[in-house]
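Single-letter residue listing:
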Amino acid sequence: MPPFAHWPAWPRVASAVPADPAVEERVRSILARMTPEEKIGQLVQPELAELTPGDVRTYKIGSALNGAGIWPGGNRHADPADWVKTVDLYWEAAEAAYADRPFRVPFMWATDAVHGHNNVYGATIFPHNIGLGAARDPELLRRIGAATAREIAATGMDWTFAPTVTVPRDRRWGRYYEGWSEDPELVHAYAAEMVAGLQGGGGPDGLTAAARVISCVKHWVADGGTADGGDRGTCFAPEDLVRNLHAAGFVSGLAAGAQSVMASFSSWEDPANYDHSPRHGPPYNAKVHGSRYLLTDVLKRAMGFDGIVISDWDAHAEVAGCSVGNANYALNAGLDVLMVAGREAWRSVYRNALAGLRTGEIPAARIDDAVTRVLRVKMRAGLWDRPRPRDRALTHGTAVLGCAEHRALAREAVRKSVVLLKHTGGVLPLPRTSRVLVSGSGADDIRKQTGGWTLTWQGNDVGLSDLPGATTVAGAVREITGEERCTVDPYPGPVDPTAYDVALVVIGEDSYAEMRGTIKAWRSLAYSELKASYARDLETLRRLRAAGLRVVTVMLTGRPLYTTEEINLSDAFVVAWLPGTEGGGITDVLFAGPDGERAHDVRGRLGFSWPGSRRASAANRIPPHIPGYRVPPEEQEPAGEHAPLFPYGYGLSLDDADPHRHPLPLDTFEDTTPPPPAAGPLPVLGAGSGYRFRIGGHNTWSRVDVSPEEPVDSLIVRSEPGGQGDPPGALTLTFKGYPVAFVYAERPEPDAQPLDLRGYADDGGRLAFRLRITESPSQPLLLACHDDYPAQPGLDLTRRLAGAEPGRWCELAVPLAELADLGMDLRHVDVPFMLYTEGTAVVSVADVRWLPGSPGGEG
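Model, not experiment: these values are computed from the prediction.

(A) Expanded view of the pattern of salt bridges. Applying the stated criterion across every chain, the model contains 76 salt bridges. The residue Asp55 makes a salt bridge to Arg343 at a minimum N-O spacing of 2.4 Å. Here the residue Asp55 occupies a position in helix H3 (residues 53–59), and Arg343 occupies one in helix H13 (residues 343–359), the gap between them amounting to 288 residues. Under the relative-accessibility criterion, Asp55 is labelled buried at 5%. Given a relative accessible area of 29%, Arg343 falls into the partly exposed group. Across the pair Asp601 and Arg598 runs a salt bridge whose closest N-O atoms are separated by 4.0 Å. A single network of salt bridges, built from pairs that share partners, joins Asp137, Glu139, Arg143, Glu412 and Lys416.

Spelled out as structure tokens, the structure:
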């Protein structure tokens, strides 16, 4: 493996799975006999819900995947046998597709197993990467990789899109917790071990073993370096920094033998990132998925990677010159396998690629290179020699998923990843005879422990029934103290301090994944300011401290957040990150052993700098291996106002003296910028509006534009323009019962900057609109002025709608003071109008506007 050092040029990587002349000859022999249709079939990867075994036979599809929230028959509790049966059907279809050919190409099934086999009911759920980085134990990563591979193999699958080797540099990013560290040295050390665990170490024999799977290092490259932590955003870092900061995990992961690389949704703005076809179509927009420089010139040629470069979910559609149904520009850039979700989309991608090959738009050599890479990886993985999934060694007989050995490993990982930031008065470890009040929003919430990518995409709709054997922190405490000495109350009222020996307060972020978890660029990093429920945690701590109780706080989080007051209110403050299902790993370090002595010390150390202010979103450790390093404009100097409260590598053991004076200094910054005055009515829907309307859902992947002229029918909402006699610009919205569906207004790019509209509230203004109810809402209909559900609240309109006559237009005017009192941020309004519900409804809206002044006039 190339040593971790400054690389003045892209390093040539010698893979632990080297080229094998015999494999290359077999691949050439098969390739020479394949038809154009067979070749293109190997390059398209649909997902389970949009692909049938018949499609595999017809199109000779080479691989498929199951994304988060997609299960056999739509059953989230599908067991391993259900999965094996499903994968087996597609494997059989591929065999049948080649039955009349003088060769065969086996099928390959992929999954997103990013913290255990997390899409499958009953699998072991390991801590997310942010916690594993704090464990500082590369060998632990190898063991977790091996355990995950066994569970994947037990469901008949061959390929996992893991590990994520990003180096996150902005805490606002919604995928921050998918990184091990802000420091590339730790990522470099970890990536090789995880790849080795999944694939079985160096050499093809490891990869062909029954309990090993193909790994994928992702997302190439610099997805953790986007400005403002933007999801699918833009990295502006110079190439030397991209190479030496963001590519560290790729260098070591490829050296360990990783056989696939997934491209990043993000963009890289740099002169080196050229347009490979400037005479065809619109100018290239710097998306990595369309970057011939990064995909081909750097990854394949300079670094020598000879495996598969795969796209992310429909990501080719964001490349200029491509669409969801046409990926030809991205194929020419160097993508080998195209992950395309929708049924019509993947068939269109197939047809366009085939047409492009025939017309010469895509050179035959480019297609042959891509197919060669697919065949090579399949052959290295021994897929020609593996029996059908149901006959493989781990898919029948001994139970593998969630076995005791793997659960013990997950608990060990939790225990090792806990970081102790404060410890005063020798409060830890707690005696097992303690009378414990377990409180806080995370006390008994498994979703806060497991986070996103757990059975479902956002992980926010799972419960203990979905995660057999899972233990919350409260459950783990009960197992130690017994029911009679453990009281669980997330938000206790007045507390008698003589009734308890200690309060264990579990606070933390609600579950989220990409997109939904990204914090807006203008939002505070203070935990208590992100959601109303988080603010209640701070109030709980204040109340318990005022009552005189000793307080131990456990924080569950996917990123470091500003929590200085919460720390000051605690006798001990520990960060448990996103530990997964094994809450007992947390109590292992909080409580003494059965003999009354310390059972485990706290050994976790920060893999990230802990912010000392609300605005320290991108202050990171200076990488010592980069000579003359300059903090890029997208980051912050880790000094002065952005100096970390606790630096990278910090963490106390139980015997350590706390080096800090208490209380720690609070961030007292206050933005005193006065609000601009209301400048007359602000039209949002109707004449003079500069806004577009869109349809979205809390768990939907993308947003759909509403047409002012044509009906738009999406999975969750149908919109129709108003009819004859309706006000100009009216929209009729049919909510279909998807939890949660919303319709909202936003300014189109490049004007999508938030507006400071506090002046309207200060002026006694209102958010006014006309509304017609055709079918009454089955659940509350809510009004908001943001696109940040559920981080910010909504105003329930039920009372206001009670007197509305069905089928007739009525006027609603909501005082903006009510929205402000609910906690909506009127300083940064990016969405001035949103309606949402979890139920069904048919409503029409028109003439939406913000009005200054009193109800007596329009301003």
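(B) Layout of the environment of Asp170. Positionally, Asp170 belongs in the loop between strand S4 (159–160) and helix H7 (184–199). We classify Asp170 as buried; its relative accessible area is 2%. Along the primary structure Asp170 and Gly224 are separated by 54 residues, whereas in three dimensions their C-alpha atoms are 7.3 Å apart. Discounting chain neighbours no more than four positions away, the residues touching Asp170 are Tyr176, Gly224, Asp228, Gly229, Ser617 and Ala618. A distance of 3.4 Å separates a polar atom in the side chain of Asp170 from the backbone nitrogen of Gly229.

(C) Just the packing of aromatic side chains, in detail. Inspection of the entire model under this criterion finds 22 aromatic pairs. Here the aromatic rings of Tyr59 and Trp346 are separated by 5.0 Å at their centres, their planes lie at 80 degrees, and the arrangement is edge-to-face. Taken together, the residues Tyr59 in helix H3 and Trp346 in helix H13 connect sequence positions 287 residues apart. Comparing Tyr59 with Trp346 shows no difference in burial state: the two are buried. Clustering of aromatic rings is evident, with ring pairs tying together Trp10, Trp220 and Phe250. The ring of Phe265 carries Arg232 above its face, with NZ or CZ at 3.9 Å from the centroid. Against the face of Phe669 rests Arg615, its NZ or CZ located 4.1 Å from the ring centre.

(D) Layout of the sheet that holds S4. Across the sheet, which stays open at both edges, the three strands sit in the order S2-S3-S4 with parallel pairing between neighbours. The open sheet has two edge strands with one neighbour each: strand S2 (63–66) and S4. Sheet analysis places strand S3 (residues 108–111) next to S4, joined by two bridges and oriented parallel. Counted as the bridge partner of Thr111 is Thr160 from S4.

(E) Just the side chain of Ser181, in detail. Inspection of the secondary structure assignment puts Ser181 in the loop between S4 and H7. Polar contacts involving the side chain of Ser181 include one to the main-chain amide nitrogen of Asp183, which spans 2.9 Å. A distance of 2.7 Å separates a polar side-chain atom of Ser181 from the backbone oxygen of Gly607. Contact partners of Ser181, with chain neighbours within four places excluded, come to Thr166, Val167, Pro168, Leu186, Val187, Gly607, Phe608 and Tyr648.

(F) The pairing of strand S28 (residues 833–837), seen in detail. Burial analysis of S28 places five of its five residues in the buried class, which makes it a mostly covered element. Pairing geometry for strand S23 (residues 741–746) and S28, over five bridges, is antiparallel. Its bridge partner lying in S28, Val743 is registered against Leu835. Summarising the sheet, strand S25 (residues 782–784) and S28 pair through three bridges and their orientation is antiparallel.

(G) Structural view of the sheet that holds strand S13 (residues 486–488). The six strands lie next to each other as S11-S16-S15-S14-S12-S13, forming an open sheet whose pairing is mixed. The open sheet has two edge strands, strand S11 (419–423) and S13, and neither has a second partner. Across this sheet, the average inter-strand angle for adjacent strands is 15 degrees, counted without regard to direction. Here strand S12 (residues 436–439) pairs with S13 via three bridges, running parallel. Note on S13: the bridge partner recorded for Leu437 is Thr487. Packing against the sheet, helix H18 (residues 532–546) makes contact with S12, strand S14 (502–508) and strand S15 (551–556), and its axis sits at approximately 165 degrees to S14.

(H) Structural context of the packing of helix H6 (residues 138–153) against helix H15 (residues 404–417). It is at 11 Å that the axes of H6 and H15 come closest, and there the two elements cross at 145 degrees. Helix-helix and strand crossings are classified by hand; for H6 and H15 the assignment is left-handed. The residues of H15 that touch H6, namely those facing Leu140, Arg143, Ile144, Ala147, Arg150 and Glu151, are Glu405, His406, Leu409, Glu412, Ala413 and Lys416.

(I) Main features of the environment of Leu851. Note that Leu851 resides in strand S29 (residues 840–851). Given a relative accessible area of 1%, Leu851 falls into the buried group.

(J) Structural context of the side chain of Gln45. Residue placement: Gln45 occurs in strand S1 (residues 44–45). For Gln45, a relative accessible area of 0% corresponds to the buried category. A polar contact of 3.0 Å, which involves the side chain of Gln45, links it to the side chain of Ser63. Those residues in contact with Gln45 that lie beyond four places of it in its chain are Ser63, Ala64, Leu65, Ala110, Trp159, Phe161, Ile310, Val337, Leu338, Met339 and Val340.

(K) Region of the structure containing H6. The end-to-end C-alpha distance of H6, which contains 16 residues, comes to 23 Å, matching closely the 22 Å that a straight helix rising 1.5 Å per residue would cover. Listing the buried residues of H6 in full gives Leu140, Leu141, Ile144, Gly145, Ala146, Ala147, Thr148, Ala149, Glu151, Ile152 and Ala153.

Scoring rules and cut-offs
Residues numbered from 1 in each chain as written. Predicted model: local features only at pLDDT ≥ 70, side-chain atom pairs only at ≥ 80, totals over all residues. Heavy atoms only, no water. Salt bridge = Lys/Arg side-chain N within 4 Å of Asp/Glu carboxyl O. Helix = DSSP H or I, 4+ residues; strand = E, 2+ residues; numbered from the N terminus. Buried < 20%, exposed > 50% of the residue type's maximum accessible area, 1.4 Å probe, protein only. Contact = heavy atoms within 4.5 Å. Polar contact = N/O pair within 3.5 Å; in protein donor to acceptor, adjacent residues only side chain to side chain. Phe/Tyr/Trp six-rings, centres within 6.5 Å; stacked < 30°, edge-to-face > 60°. Lys NZ or Arg CZ within 6 Å of the ring centre and 35° of its normal. Pairing = 2+ DSSP bridges. Axes fitted to C-alpha atoms, helices over the stretch in contact; angles between N-to-C directions. Left-handed = near helix turned anticlockwise from the far one by under 90°. Expected span 1.5 Å × (residues − 1).

So yeah, pure geometry; function would need other evidence.
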